[in-house]
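The primary structure of each chain is shown beneath.
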Amino acid sequence: PANGNRPTGAPPPPPGQHYNPQQQQQPQGTYESPGQQVLRRFLLPVSECTMTLESILEDLRKDPWPVPSDKRVARCTGCALSVATSLLDLALPRRGARVMMFVGGPCTSGPGAIVSRLKTEDMRSHADLARNAEPLHKPACEFYASLAKRHAVGATSGGKGSSSAAAVNPSATSCHVVDVFACSLDQVGVLEMGELVEATGGLMVLGDSFGQSVFKESLRRVFRTYEDDVPEDGGKMQMAFGATLEVLTSREFKVSGAIGPVTSLGKKGPNVSDLEVGRGGTNAWSLGGIDPGTTVAIYFDITNPGTSPLPEGKRRFIQFLTRYQHSNGRTRLRATTLCGPWYNPPPGEDKRAPPPPGAGGYNMGQPNPVKASFDQEAAAVLLARVAVHRTETEDVADVLRWVDRSLIRLCAKFADYIPDDPNSFRLTPEFSLMPQFIFHLRRSQFLQLFNSSPDEAAYYRYILSRENTTNSLVMIQPTLLSYSFNGPPTPALLDSQSVRADTILLLDTFFHVVVFHGETCAAWREQRYHEQEEHVAFRNLLEAPQADAQTIMDNRFPVPRYIVCDQHKSEARFLMAKLNPSVTHNSEGGAGAQVFTDDVSLRVFMEHLMKLAVQS
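Cut-off values and rules
Residues numbered from 1 in each chain as written. Predicted model: local features only at pLDDT ≥ 70, side-chain atom pairs only at ≥ 80, totals over all residues. Heavy atoms only, no water. Helix = DSSP H or I, 4+ residues; strand = E, 2+ residues; numbered from the N terminus. Buried < 20%, exposed > 50% of the residue type's maximum accessible area, 1.4 Å probe, protein only. Contact = heavy atoms within 4.5 Å. Areas by Shrake-Rupley, 256 points an atom, 1.4 Å probe, with all protein chains shown as cover. Pairing = 2+ DSSP bridges. Axes fitted to C-alpha atoms, helices over the stretch in contact; angles between N-to-C directions. Salt bridge = Lys/Arg side-chain N within 4 Å of Asp/Glu carboxyl O. Phe/Tyr/Trp six-rings, centres within 6.5 Å; stacked < 30°, edge-to-face > 60°. Lys NZ or Arg CZ within 6 Å of the ring centre and 35° of its normal. Parallel < 35°, antiparallel > 145°, perpendicular 65-115°, else oblique. Nonpolar A, V, L, I, M, F, W, Y, C, P; charged D, E, K, R; others polar. Core = buried A, V, L, I, M, F, W, Y, C linked by side-chain atoms within 4.5 Å. Expected span 1.5 Å × (residues − 1). Arc of directions from axis to C-beta. Polar contact = N/O pair within 3.5 Å; in protein donor to acceptor, adjacent residues only side chain to side chain.

Asks: What exactly am I supposed to notice about the overall build of the protein here?
Replies: Of regular secondary structure, the protein possesses 19 helices and 17 strands. A total of 616 residues make up the protein; the buried ones form 44% of that total. Considering only contacts in the protein between residues 6 or more positions apart, those separated by 24 or more positions represent 67%. Working note: accessible area of the protein is about 32700 Å², and carbon and sulfur atoms make up 54% of it.

In structure tokens, the structure reads:
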């Protein structure tokens, strides 16, 4: 009974105990909560259903119902995802769980549909989205966003302050993660589902077919476990749920925002800046599901006015409070506290007055701790995340102009030069790589939509927003190794001049690992010289990049696509498109391979940068 009264004929409870209607009636089969029904009927431990599940999977056959040639397959992805999240909401509230969706085509029926079944209607393109000519896109985005808000524990978790957080975003403390494994030659709706995956901290894998290792190996690595000798965590899965991050700072600076797989908890505080970057207006975020590789970018705003310098010896403090539910079910709180010194610039340093006679130029000979401690790798990734985040609300051309202006301001402030003299422009080692990082970022798939679908663009941008600095730099500026008979493998410039007929190149773009054979090496391989004992050195040369490529792929998620190609063949485009076009079809002479493009080279880019940075 709803009021908790004891039913007629039921035995009285033992002394000192209260009557529990669920406990009394469940053994008699007269009462069962919806969550208990779900657990009993649909969700079971693997140990109890392995044989049944395997037999179901083995007996699965392609739907025999005929599909008209002028229509797409009827696929109700949105409805299936809604049912799956509802089951977990009822059965496992406030407990870690994953919804893993394997989709082989676009949703065409029911809520979340991104295209009609008629093949006469094309899938949405970048041009359609730019002019708001796709009527199904916005409703689909709203539907998947509603799922992120619905299967949340924040709305029911109670406690002080929980209701306000839930009002801002009910999925704030969601313990349920939604992963998407999309394997299709066509688009499947990754763009529309992106908000749901990001809000829950889910994983995303994009491939061509479910038979590829990109899918198979990536799925296996989701369930990776810690080594057995790891204290406390040995043998446990490398995943956690319901994660939240709170940032505390000292009074001299405030939190502007965060960029990554995060959702704002709407928590205001004295250290929240009015200047928002990414997900701002708060100092606490929900991360949903996390793993050891999850990385979040935090941006700060210095609030101390420049007219009142800080006391000498003043220290800054930052504390990160990360709370999450471990895969063993326990809740953990990790506190990470950092401190460091402040630097008071001399009066007038920021006013950029003309240098005195004999000083040589701006910044020349002036020690600056900020300049000496600059981390250009981290700065490039932070700038890339802001640029990618701005593409959600701004035109890509405007974002590119903002990136250019940011680089020009950075060089104008920290480079050594004589005003209006580009030939005097010099960058110290702490800044020397920054221009080429930005050059490759401008040409990357994150800011260039040519030759990529909306799904692919959303996928690439989401992966960039959650990877660490090292992996993000590989995405922005891929690494290139050269293999030849002249010695061991050596790093090569990401330049068209690195392409030689007698060398083999190994390109790592994070999403692809490419082994590129020069024209002569490919011809030797076709003539099977590597199978002859007297050419064992050539066989070793062929095997070395393949072994290194396997090493790269063994430690990465999602597993990259492995491509073996030859110079002048079709798949060589995966490498040629990433190279600096120092030699093009418009160039006269020059070593290396020609790149057929109208893009400017790094040399031309640097010439324009120096000219603009030194302008007085």
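Asks: Help me out: how do you make sense of the sheet that holds strand β16 (residues 512–517) in this one?
Replies: In a beta sheet, neighbouring strands pair by backbone hydrogen bonds and run either parallel or antiparallel. If you trace the 5 strands from one edge of the open sheet to the other, you get β14-β13-β15-β16-β17, paired in mixed fashion. Both outer strands of the open sheet, β14 (487–491) and β17 (561–566), are each paired with one neighbouring strand and no more. In this sheet, neighbouring strand axes are inclined to one another by 15° on average, regardless of whether the strands run parallel or antiparallel. Here strand β13 (residues 479–484) runs beside β14; their pairing, made up of 3 bridges, is antiparallel. Of the residues in β14, the one forming a bridge with L481 is P491.

Asks: Looking at this structure, how should I read the pattern of salt bridges?
Replies: Oppositely charged side chains are able to pair whenever their charged atoms sit close together. Per the stated rule, a full pass over the model turns up 24 salt bridges. Salt bridges sharing common partners tie together R124, E192 and D455.

Asks: How should I be thinking about the sheet that holds strand β3 (residues 204–207) in this particular structure?
Replies: Sheet architecture is open: 3 strands sit in the order β1-β2-β3, paired in parallel fashion. This sheet does not close on itself; its edge strands, each paired only once, are β1 (97–103) and β3. Each adjacent strand pair in this sheet contributes to an overall mean axis angle of 10°, direction not counted. In the packing of helix α9 (residues 213–222) onto the sheet, the strands contacted are β1, β2 (176–183) and β3, and the crossing angle to β1 comes to about 175°.

Asks: What is the right way to read the packing of aromatic side chains from this model?
Replies: Each aromatic ring pair is characterised by the separation of its centres together with the angle its planes make. On inspection of all chains with the given rule, the structure shows 18 aromatic pairs. Ring geometry for F414 against F431: centres 5.1 Å apart, planes inclined by 20°, an arrangement best described as stacked. Within this pair, whereas F414 is found in helix α12 (residues 396–414), its partner F431 is found in the loop between β12 (421–426) and α13 (434–443), the two being separated by 17 residues in sequence. Taken individually, F414 and F431 each receive the classification buried, so the pair is uniform in this respect. Three or more aromatic residues joined by ring pairs make a cluster, and in this case those are F102, F181, F210 and F215. A cation sits over an aromatic face here: R316 above W342, 5.9 Å from the ring centre. Looking at K413, its charged tip hangs above the ring of F414, at a distance of 5.8 Å from the centre.

Asks: What am I meant to see in the packing of α12 against α13 here?
Replies: Helix packing geometry: the angle between the two helix axes and the distance between the axes. Put simply, α12 and α13 touch, their axes get as near as 11 Å, and they point 175° apart. Viewed along their axes, α12 and α13 adopt a mutual orientation that is roughly antiparallel. Residues L400, V403, D404, L407 and L410 of α12 touch α13, and the partners they reach there are M434, P435, I438 and R442. In terms of residue class, the contact of α12 with α13 is made up of 7 nonpolar, no polar and 2 charged.

Asks: Help me understand the pairing of strand β10 (residues 331–341), please; the structure alone is not making it clear to me.
Replies: A regular strand places its side chains so that they alternate between the two faces of the sheet. Where strand β9 (residues 315–326) meets β10, 11 bridges bridge the pair, whose relative direction is antiparallel. Across the sheet, the residue bridging to Q319 is T337, located in β10. Counting the residues in the hairpin turn of β9 and β10 gives 4 residues, including G329, whose phi is positive at 100°.

Asks: What is the right way to look at the nonpolar core in this model?
Replies: In a soluble, globular protein the nonpolar side chains are often hidden away together inside. L81, Y144, V403, M434 and F511 are the most contacted members of the largest nonpolar core, which totals 77 residues. Setting aside anything within four residues of it in sequence, one finds V403 in contact with L383, A387, I438 and L447. Counting 16 residues, the second largest nonpolar core, distinct from the first, contains V514, F516, L575 and V595.

Asks: Would you mind showing me how to read unusual backbone geometry here?
Replies: Excluding glycine, most residues fall at negative phi; most peptide bonds, likewise, are trans. Look at the link from F557 to P558: it is a cis peptide, with omega at -5°. Residue N451 is not a glycine yet carries a positive backbone phi of 65°. Topologically, N451 is positioned in the loop between α13 and α14 (454–464). Phi is positive for R528, which is not a glycine, with a value near 60°.

Asks: Looking at this structure, I do not really get helix α19 (residues 602–613). What am I missing?
Replies: Every α-helix winds through 3.6 residues per turn, so residues three or four apart in the chain are directed the same way. Under the 1.5 Å per step criterion, the end-to-end length of α19 is 16 Å for 12 residues, consistent within 8% with the ideal 16 Å. All of the buried residues along α19 are F605, L609 and A613. Taken end-on, α19 shows its buried residues confined to a sector of 60°, consistent with a single buried face. Counted as exposed and oriented over 90 degrees from the buried face of α19: R603 and K611. Looking at the buried residues of α19, the elements they touch are α12, β11 (416–418), β12 and α13.

Asks: When you look at the environment of N344 in this model, what are you seeing that I'm missing?
Replies: By the secondary structure assignment, N344 is in the loop between β10 and α10 (369–372). The spatial distance from the C-alpha of N344 to the C-alpha of P311 is 8.7 Å, given a sequence separation of 33 residues. Ignoring sequence-local partners within four residues, the contact set of N344 consists of P309, L310, P311 and E312.

Asks: In this structure, what is going on with the pairing of strand β15 (residues 504–508)? I would like to understand it.
Replies: Along β15, 5 of the 5 residues are buried, which leaves the element largely enclosed by surrounding structure. Along β15, one buried face is formed by I504, L506 and D508 and the opposite face, lined by L505 and L507, is buried too. The pairing of β13 with β15 spans 5 bridges and is classified as antiparallel. Directly across from Y483, in β15, lies its bridge partner I504. Bridging between β15 and β16 involves 5 bridges; their strand directions are antiparallel. Looking across to β16, one finds that L507 is bridged to V514.

Asks: I'm lost on the side chain of S452 in this one. Help?
Replies: By the secondary structure assignment, S452 is in the loop between α13 and α14. A relative accessible area of 13% places S452 in the buried class. Separated by 3.1 Å, the side chain of S452 and the backbone oxygen of L449 make a polar contact. S452 has contacts with H126 and A457, leaving out every residue within four places of it along the chain.

Asks: Looking at this structure, how should I read the packing of helix α8 (residues 190–200) against α14?
Replies: Between α8 and α14, whose axes approach to 8 Å, the crossing angle comes to 25°. By the angle class used here, α8 and α14 are roughly parallel. Counting all contacts with α8, which are made through V190, L191, E192, V197 and E198, the residues of α14 involved are P454, D455, A458, Y459 and Y462. A per-class count over the contact of α8 with α14 returns 7 nonpolar, no polar and 3 charged.

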